[in-house]
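# Observations on the three-dimensional arrangement
Below are the chains, spelled out letter by letter.
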Amino acid sequence: MRRAGLRGRSLSRRAPMGAAIALVLLLPGCGSPDADEATQGAEAPAVAGTPSPADAASGPARGTGSGKDSEDGDGSAGGEQPTVGLDPAFAVEAPGRLKDLPRTADILVQTESGITDETLEEIRALPGVQDVEQFSMLQVGIENRVLNLAAVDPATFRRFTPGQVPRSREVWDRVAGGELAISPELQKKLPIDEQGFVTLDTGSPEVHLGALAPQIENAVDAVVNVKWGAELGAEPGNALLVSTGITAPDKVVKPLTRLLPQQTSVQRLDSVARFGLDINAKQTAFVVGSVSSAVGVFNYTVLGGGRIAPEPAWERANIITAQVPILGSVRCNKAIIPQLTAALREVVETGLADEINPGEYAGCYYPRFIAGSTTLSNHSFGLALDLNTPGNQRGTVGEMDRTVVAIFKKWGFGWGGDWRFTDPMHFEAVRIVDVR
């Protein structure tokens, strides 16, 4: 896997991951370790206290997690240079100081394609609309977790983030420099290596984790800049955040919806505290990466019990029932049936058919959120299956035959037994394989 930047450079000087992403609160004029510890959990942004980027790239060492508010933390007068990222090819202009007032994120809009300048101006002119931010929203599947990733202009998107995050210069300089910012609760849920890198998609460079900072709850999990969005295949400008200020968002939803295409998701974010998601709104996932051809744009509505209802047209076009070796009848995404068949056929030919118990198969297509969350599972796309469930529970090494695992990997499946928090019953397509 190629990494963003550091081509031909050594990482030996970088600290181990435990030190690299220790939470450091950026509080105005307060840089003492004791103050940081005493206020941990406050509504200030938590930033990855990575070692100096000069260890990995030439240029000034900035964004080291000093504990000072990064509006003034570097002591520079103008400070328009970005935190040194790990690859200049993924850097954009540094935002510098916050240049506008923070805004409330009241409505999230997602379309299947970009929103035109004309439509954007009409939206800005609607009564009750205080401000609008256009960006790209995309979803990437990582270890059965579908991450809501925003590809943004750090200088303007920051205004819509919660608490003191808009004022944290270090967070947004790091995003501008080509690093990833994530919600702190995701730190232990993503496969971040000892040097602070995470792979967002098979075949793409690894991105470095630069900041732990609260994001827009149940709408955005992580943020990268627009150059990373282009690398990952984001649809330019397919999302909007709308601030309605003192106007109730429900007064804006209907006239806003009338200006947009029929398949557009218009979700009130003020309902998050009550429901987790706006259950009355259509939800949209724009899935990118190595399995994007199998999913594309995925529209759904929220049901009770953690379940979702994909649009019938999407389900008819993508989900089929087929006969495969060992398991018999399965209901999966049609894109993975050939490689699933090939994998199971090879298991049979290798003499290992008895290592998979068809009576302990727990399904493939199951449109739902991960338990206790509003995060989609790859089962929602019909791209994952669970085998030999009794002996392969989460958090265990499991009993799955390792030759069977190797065969599935050969045919384009990732295995949950390799994850940070293991799930050895789980196999999911990480690439679409042409079996011809």
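This is a predicted model, so every value here is computed, not measured. (Residues numbered from 1 in each chain as written. Predicted model: local features only at pLDDT ≥ 70, side-chain atom pairs only at ≥ 80, totals over all residues. Heavy atoms only, no water.)

Of regular secondary structure, the protein chain possesses twelve helices and 19 strands. Taken across its 436 residues, the protein chain has 55% of its residues classed as buried. A separation of at least 24 residues holds for 69% of the contacts in the protein chain among residues at least 6 apart in sequence. Surface summary for the protein chain: the accessible area is close to 18,100 Å², and the carbon and sulfur share equals 51%. (Helix = DSSP H or I, 4+ residues; strand = E, 2+ residues; numbered from the N terminus. Buried < 20%, exposed > 50% of the residue type's maximum accessible area, 1.4 Å probe, protein only. Contact = heavy atoms within 4.5 Å. Areas by Shrake-Rupley, 256 points an atom, 1.4 Å probe, with all protein chains shown as cover.)

Counting buried positions over the eight residues of helix α5 (residues 169-176) gives eight, a clear majority of the element. Where α5 is concerned, the buried positions are Arg-169, Glu-170, Val-171, Trp-172, Asp-173, Arg-174, Val-175 and Ala-176.

Mean pLDDT over the protein chain: 81, with 78% of residues reaching 70 or higher. Predicted confidence for residues 72-84 stays below pLDDT 50, and this span has 39 contacts to residues more than four positions away or in other chains. (pLDDT = per-residue confidence, 0-100.)

Further remarks concern the state of the cysteines. This model, assessed by the stated rule, comprises one disulfide. The side chain of Cys-332 participates in a disulfide bridge whose partner is Cys-364; the two sulfur atoms lie 2.3 Å from each other. Looking down the S-S bond of the Cys-332 and Cys-364 bridge, the torsion is 135°, so its handedness is right-handed. With Cys-332 in strand β16 (residues 328-333) and Cys-364 in the loop between α11 (337-349) and β17 (384-386), this pair connects stretches of sequence that are 32 residues apart. Residues Cys-332 and Cys-364 agree in their burial class; the two are buried. (Disulfide = S-S within 2.5 Å.)

By the secondary structure assignment, Asp-87 is in the loop between β2 (46-48) and β3 (107-110). Placed 91 residues apart in sequence, Asp-87 and Gly-178 show a C-alpha to C-alpha distance of 6.9 Å.

The next thing to look at is the sheet that holds β17. On the basis of which strands lie adjacent, the open sheet formed by three strands has the order β17-β19-β18 and antiparallel pairing. Edge positions in the sheet fall to β17 and β18 (413-415), since each has one partner strand and no second. Along the sheet, successive strands turn relative to each other by an average axial angle of 25°, direction set aside. Pairing analysis gives three bridges linking β18 to strand β19 (residues 426-429), with the strands arranged antiparallel. Within β19, the position partnered with Trp-415 by the bridge is Phe-427. (Pairing = 2+ DSSP bridges. Axes fitted to C-alpha atoms, helices over the stretch in contact; angles between N-to-C directions.)

Within the element layout of this structure, Val-295 appears in helix α9 (residues 292-295). Judged by its relative accessible area of 5%, Val-295 is buried. As for Val-295 and Trp-314, which are separated by 19 residues in sequence, their C-alpha atoms are 8.7 Å apart. Sequence-distant contacts of Val-295, defined by excluding residues within four places in its chain, comprise Val-287, Trp-314, Phe-381 and Leu-383.

The next subject is the pattern of salt bridges. Within this structure, the stated rule accounts for 15 salt bridges. The salt bridge partner of Arg-124 is Glu-121, with a shortest N-O separation of 3.8 Å. Placement of the pair is Arg-124 and Glu-121 together in helix α3 (residues 117-124), with a separation of three residues, close to one helical turn. The class for Arg-124 is partly exposed, based on a relative accessible area of 35%. In this structure, Glu-311 engages Lys-282 in a salt bridge whose closest nitrogen and oxygen atoms are separated by 3.0 Å. (Salt bridge = Lys/Arg side-chain N within 4 Å of Asp/Glu carboxyl O.)

Turning next to unusual backbone geometry. Residue Asn-144 is not a glycine yet carries a positive backbone phi of 65°. Tracing the sequence through the fold places Asn-144 in the loop between β4 (131-142) and β5 (145-152). The class of Asn-144 is buried, set by a relative accessible area of 8%. Phi is positive for Asn-218, close to 60°, though the residue is something other than glycine. Its relative accessible area of 24% is what places Asn-218 among the partly exposed residues.

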